[in-house]
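Take a look at the letters that make up each chain.
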Amino acid sequence: MATLNFYEKVKDSPRGLQDLWEKEFETESLFGNRMFCLTFAICYPSTSLLYYLNGNPNYQSIFLIQITCSSIVALITFLHFKERITSQDASLYSRMLMVIFHSFILARFQTLYYYDLSINLTLQLIFSFWVLRWKFSYALVSSVMTVLFFSIALYASGQDVLLRFLKEGGFFYFLGQSVFPLVMQMRYNKQYREFIYFHSLQRQNKELEKQNQLARQAVQAKSDFLSTMSHEIRTPLNGIVGIVHLLLQEDLRTDFQKELVGTLKFSSDHLMAVVNDVLDFNKINSNHVKLARDPFNLSLFLESLKKTFIPRAQEKGLDLIFEVDLGLPAHLIGDQVRLNQIITNLIHNAIKFTEKGFVKLVVKELKRDESRVSLHFEIIDSGIGIPLEDQSSVFDLFVQSGAEAKNGNRGTGLGLAITKELLQLFGSEIKLESEQWQGSCFSFCIDFEYSDQQALEEKPVGVKVILPEARVLVVDDNAINLLFATNLLKKVGLQYDQAENGCEAVEKFNHNHYDLVLMDLKMPVMDGFEATQIIRAQGAHTPIIALTASAFKDEREKALSNGFSNYLVKPFLPKEFYDIVFTFLKTEEQCK
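Read on for a plain summary of the structure.

Calculation rules
Residues numbered from 1 in each chain as written. Predicted model: local features only at pLDDT ≥ 70, side-chain atom pairs only at ≥ 80, totals over all residues. Heavy atoms only, no water. Core = buried A, V, L, I, M, F, W, Y, C linked by side-chain atoms within 4.5 Å. Buried < 20%, exposed > 50% of the residue type's maximum accessible area, 1.4 Å probe, protein only. Helix = DSSP H or I, 4+ residues; strand = E, 2+ residues; numbered from the N terminus. Contact = heavy atoms within 4.5 Å. Axes fitted to C-alpha atoms, helices over the stretch in contact; angles between N-to-C directions. Left-handed = near helix turned anticlockwise from the far one by under 90°. Nonpolar A, V, L, I, M, F, W, Y, C, P; charged D, E, K, R; others polar. Salt bridge = Lys/Arg side-chain N within 4 Å of Asp/Glu carboxyl O. Phe/Tyr/Trp six-rings, centres within 6.5 Å; stacked < 30°, edge-to-face > 60°. Lys NZ or Arg CZ within 6 Å of the ring centre and 35° of its normal.

## Description of the nonpolar core
Item 1. Among the nonpolar cores identified, the biggest contains 44 residues, and Leu339, Ile343, Ile347, Leu361, Leu375, Phe444 and Phe448 are the most heavily contacted of them.
Item 2. Going through the elements one at a time, α10 (298-315), β2 (319-324), α11 (336-352), β4 (358-368), β5 (372-381), α13 (415-425) and β7 (440-451) are the ones with two or more residues in this core.
Item 3. If you tally residues by element for this core, the top one is α11, at seven residues.
Item 4. Setting aside chain neighbours within four positions, we find Ile347 in contact with Leu305, Phe309, Phe322, Val359, Leu361 and Ile379.
Item 5. Val99, Ala139, Val161 and Phe174 belong to the second largest nonpolar core, which has 25 residues in total.

In structure tokens form, the structure reads like this:
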């Protein structure tokens, strides 16, 4: 239907697509039209041989007339090859010449055998059907002219001649001539529909490609925007988080000061969670998240997870219960980080919306074969529950249930949406069972490969140093981030120098010995990538840790492939900072 509508719109257009069709139709009919002209120019004079064989005394005069006609057709064909006329016009003019000259022969000279004449003309018509590709108007002119001129010519040669011709096969020849325009029109319409269909598809494909290109540009623009915003938001946020933690380690004199710093910490933690959630959701939707296939110890994973939530559960007076089947595989193979994110989101929500009672994690084995095990996870709480009318939308972006809003627990509305997206990466889906004020149960199943062999944990080789003698170079163009990082180093007795850009960092590295370099990636004058490449080009193997506000995986991979030893995302907590620093700087006690 769409193609027919498009056909109706363009069929009368004098320009554009109609012009393109005229050129294409001329090209497609070119070979047949030329064959018709050349065949007619060569073969038409040879038909005089039939008059000779039938004993017609005028065969020589007929031959001269036919050779004259063929000469004119040859001239028309020559003009066509010189691009003076189209092949369509050349074949039509040739046909009209043949009709005029042959009509003169029929009127001037008596024909003895009309049956042979009918056979000859019918063969010419069949040849025309086969090779010609004409418009309806051309075919109609040819057929009307043929029937009219031949009828007049035969009638002029004798009143009974026309009747005799019709009885000896001429009727079927004229009938064929009446059908000829219809056949040409059907063929023309078929080609035209194919042309319109092809070009409408081509136009649609171009539109789709254009839309696809715009979509790719939009995705890239969104990615670039979020990457930039990630840097612009995380960099000052790292300063806020850092200063808050430094203040917490100071001796605050009054309860009011402690309350202010505590409020500031709560706000900064909440802001950091919002930023992380937004970026996580974008990474998942942009297909930047690929699940890892690394072995991990399930028991240690669950134990670490429980330790994370014990303080928060105790603070609210909740029972935190981990109910795990005995005999689960020692080691699973999969993405431990993303599994941790899923369960953490669900337990965090359960504690958040439960004021009394319990929060329980249940891990059960459903089935197992030689290489894979299916685990069923349930997170159950005795909290406020979710009303039935909100359960269908609670996994949507930026959506919270009415009970949550009324209870005053407002979040980003991203946690469950991210959890749902991550589970889809695992090939699973999340299920919810809940009644308002009766608690909730979130459940899902994931298949893991498993192994009973001990996983080998590879750690970077640390440098054996004595803390007072160890020296660290901190490179960052943000003064607050420099203050935070250097104060953390100062608190554990590490000496440090600082630089504000990559050029200054390279100069200091060349004039001093450093056991570790903390390098920001985006800086004026010279960025962290170029500075690190210059340092590595000198043959230095000093560990260089990338400090960056970008949490995108491709940025991490780019850093690690350009000479960086590890990667620390801003904003970071003191524990995360020390964990990565003392991975590369080991004390005497750590080396024993």
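Once you've had a look at it, read on.
## Comments concerning the packing of α11 against α13
For any two helices packed against each other, one specifies the inter-axial angle together with the distance between the axes.
Item 1. Between α11 and α13, the least distance of the axes is 10 Å, while the angle of their chain directions is 145 degrees. In this structure, α11 crosses over α13, and the sense of that crossing is left-handed. Contact residues: α11 offers Arg338, Gln341, Ile342, Asn345, Leu346 and Asn349, while α13 offers Gly415, Leu416, Ile418, Thr419, Leu422 and Leu423.
Item 2. For the contact of α11 with α13, a count of residues per class yields six nonpolar, five polar and one charged.

## Here's the deal with the pattern of salt bridges
Item 1. Inspection of every chain in the model, using the stated rule, returns 16 salt bridges.
Item 2. Residue Glu168 is joined to Arg164 by a salt bridge in which the shortest nitrogen-to-oxygen separation is 3.3 Å. Linking Glu168 with Arg164, this pair stays in helix α8 (residues 161-248), spanning four residues, or about one helical turn.
Item 3. The salt bridge involving Glu504 is made with Lys508; its shortest N-O contact spans 3.7 Å. Of this pair, Glu504 and Lys508 both sit in helix α15 (residues 502-511), four residues apart, roughly one helical turn.

## Remarks on the packing of aromatic side chains
Item 1. Applying the stated criterion to the full structure yields 24 aromatic pairs.
Item 2. Summarising the aromatic geometry, the rings of Phe395 and Phe442 are spaced 6.2 Å apart at their centres and angled 90 degrees between planes, so their arrangement reads as edge-to-face. Highlighted residues: Phe395 in the loop between β5 and α12 (402-406) and Phe442 in strand β7, separated in sequence by 47 residues. We note that Phe395, like Phe442, is buried.
Item 3. Taken together through their ring pairs, the aromatic side chains of Phe36, Phe40, Tyr44, Phe127 and Trp130 make up a single cluster.
Item 4. A cation over a ring is seen here: Arg368 above Tyr450, with NZ or CZ 5.2 Å from the ring centre.
Item 5. Above the ring of Phe529, the side-chain terminus of Lys558 is found at 4.5 Å from the ring centroid.

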